[in-house]
Amino acid sequence: MNKEYRLKKNEEFQHVFQRGNSVANRQFVVYQVKKTEQDTIRIGLSVSKKLGNAVVRNRIKRLMKENLRELVPNLHQNCDVVIIARHPVAAMTYDEIKKSLSHVLKVARLFRSKI
């Protein structure tokens with residue numbers, strides 16, 4: 001994911017949590033808030049310490065970023081999104097994460113067109 005597509009500051013995350021809508025499946029929770037004044041999507045990732053040590057958390061974030069890199073061109077571009085990983089993600093493979101992430105983004109209606 002490019003830097004322009006990332007949420008970085010705590011205030012940005014808090015704004016999405018407080019003002020946004022949430023959708024979830026067993027592996028991920030997605031919060032989203034529409035931003036009409038911006039022309040790109042910005043995504044923040046959150047992986048709790050409950051999921052494992054730093055090695056496990058960083059692996060999860062790397063897999064999520066790689067999957068999102070492929071999905072971002074197909075997503076609506078005028079919103080901020082925070083994706084929270086849940087416990088089952090720690091044991092999942094790349095393809096399982098891709099399938100689950102695509103599913104939760106589809107339920108959240110973030111895709112421009114059907115996949």
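The shown structure was predicted, so the numbers you read here are calculated from the model rather than taken from an experiment.

Here is what the cut-offs are and how they apply
- Residues numbered from 1 in each chain as written.
- Predicted model: local features only at pLDDT ≥ 70, side-chain atom pairs only at ≥ 80, totals over all residues.
- Heavy atoms only, no water.
- Helix = DSSP H or I, 4+ residues; strand = E, 2+ residues; numbered from the N terminus.
- Rg over C-alpha atoms; globule rule 2.2 N^0.38 Å.
- Buried < 20%, exposed > 50% of the residue type's maximum accessible area, 1.4 Å probe, protein only.
- Contact = heavy atoms within 4.5 Å.
- Areas by Shrake-Rupley, 256 points an atom, 1.4 Å probe, with all protein chains shown as cover.
- Salt bridge = Lys/Arg side-chain N within 4 Å of Asp/Glu carboxyl O.
- Right-handed = clockwise from strand over helix to strand, strands pointing away.
- Core = buried A, V, L, I, M, F, W, Y, C linked by side-chain atoms within 4.5 Å.
- Phe/Tyr/Trp six-rings, centres within 6.5 Å; stacked < 30°, edge-to-face > 60°.
- Pairing = 2+ DSSP bridges.
- Axes fitted to C-alpha atoms, helices over the stretch in contact; angles between N-to-C directions.

A. Up close: the overall build of the chain. Assigned secondary structure in the chain consists of three helices and four strands. Reading the secondary structure of the chain in the N-to-C direction produces α-β-β-β-α-β-α. Taken against the 2.2 N^0.38 rule, which gives 13 Å for 115 residues, the C-alpha radius of gyration of the chain at 13 Å falls within 12% of a compact globule. On the principal axes, the C-alpha backbone points of the chain span a range of 40 × 35 × 25 Å. Out of the 115 residues belonging to the chain, those deemed buried represent 43%. Within the chain, contacts between residues separated by at least 24 positions form 81% of all contacts whose residues are at least 6 apart in sequence. In the form shown here, the chain has an accessible surface area of approximately 7,000 Å², with 47% of it arising from carbon and sulfur atoms.

B. Spatial organisation of the pattern of salt bridges. Scanning all chains against the criterion turns up five salt bridges. For Glu-66, the salt bridge is made with Arg-69, and the minimal N-O distance between the two is 2.5 Å. Here Glu-66 pairs with Arg-69, and both are found in helix 2 (residues 54-71), just three residues apart, close to one helical turn. Overall, Glu-66 belongs to the partly exposed group, its relative accessible area being 29%.

C. Spatial organisation of the pairing of strand 3 (residues 42-47). Burial runs high along strand 3: five of the six residues are buried. Running through helix 2, the crossover from strand 3 to the neighbouring parallel element strand 4 (residues 79-85) is left-handed.

D. Structural context of the nonpolar core. Grouped together as the largest cluster of nonpolar side chains are 30 residues, with contacts concentrated most on Phe-28, Ile-43, Ile-83 and Leu-105. Tallying contributions element by element places helix 2 first for this core, with five residues. Ile-83 has contacts with Phe-28, Val-29, Val-30, Ile-43, Gly-44, Leu-45, Ser-46, Met-64, Leu-68 and Leu-101, leaving out every residue within four places of it along the chain. Core analysis: the second largest hydrophobic core is formed by five residues, Leu-7, Phe-13, Val-16 and Val-33 among them.

E. Summary view of unusual backbone geometry. Even without a glycine there, the phi angle at Arg-109 is positive, about 60°. For Arg-109, a relative accessible area of 69% corresponds to the exposed category.

F. Looking closely at the packing of aromatic side chains. Under the definition given, this model contains one aromatic pair. Ring geometry for Phe-17 against Tyr-31: centres 5.0 Å apart, planes inclined by 85°, an arrangement best described as edge-to-face. Highlighted residues: Phe-17 in helix 1 (residues 10-19) and Tyr-31 in strand 2 (residues 28-34), separated in sequence by 14 residues.

G. Representation of the sheet that holds strand 2 within the structure. Spatial strand order, 1-2-4-3: four strands in an open sheet with mixed pairing. Unpaired on one side and paired on the other, strand 1 (21-24) and strand 3 mark the two borders of the sheet. Ignoring strand direction, the axes of neighbouring strands in this sheet form an average angle of 20°. Note: strand 3 against strand 4, six bridges, orientation parallel. Each residue of the ladder has a partner; that of Gly-44, found in strand 4, is Val-82. Sitting on the sheet, helix 1 is in contact with strand 1, strand 2, strand 3 and strand 4, with an inclination near 90° to strand 2. Across the sheet, helix 3 (residues 94-107) lies against strand 1, strand 2 and strand 4, angled at about 40° from strand 2, the strand it touches most.

In short, the description is geometric, and any link to function would need to be established separately.
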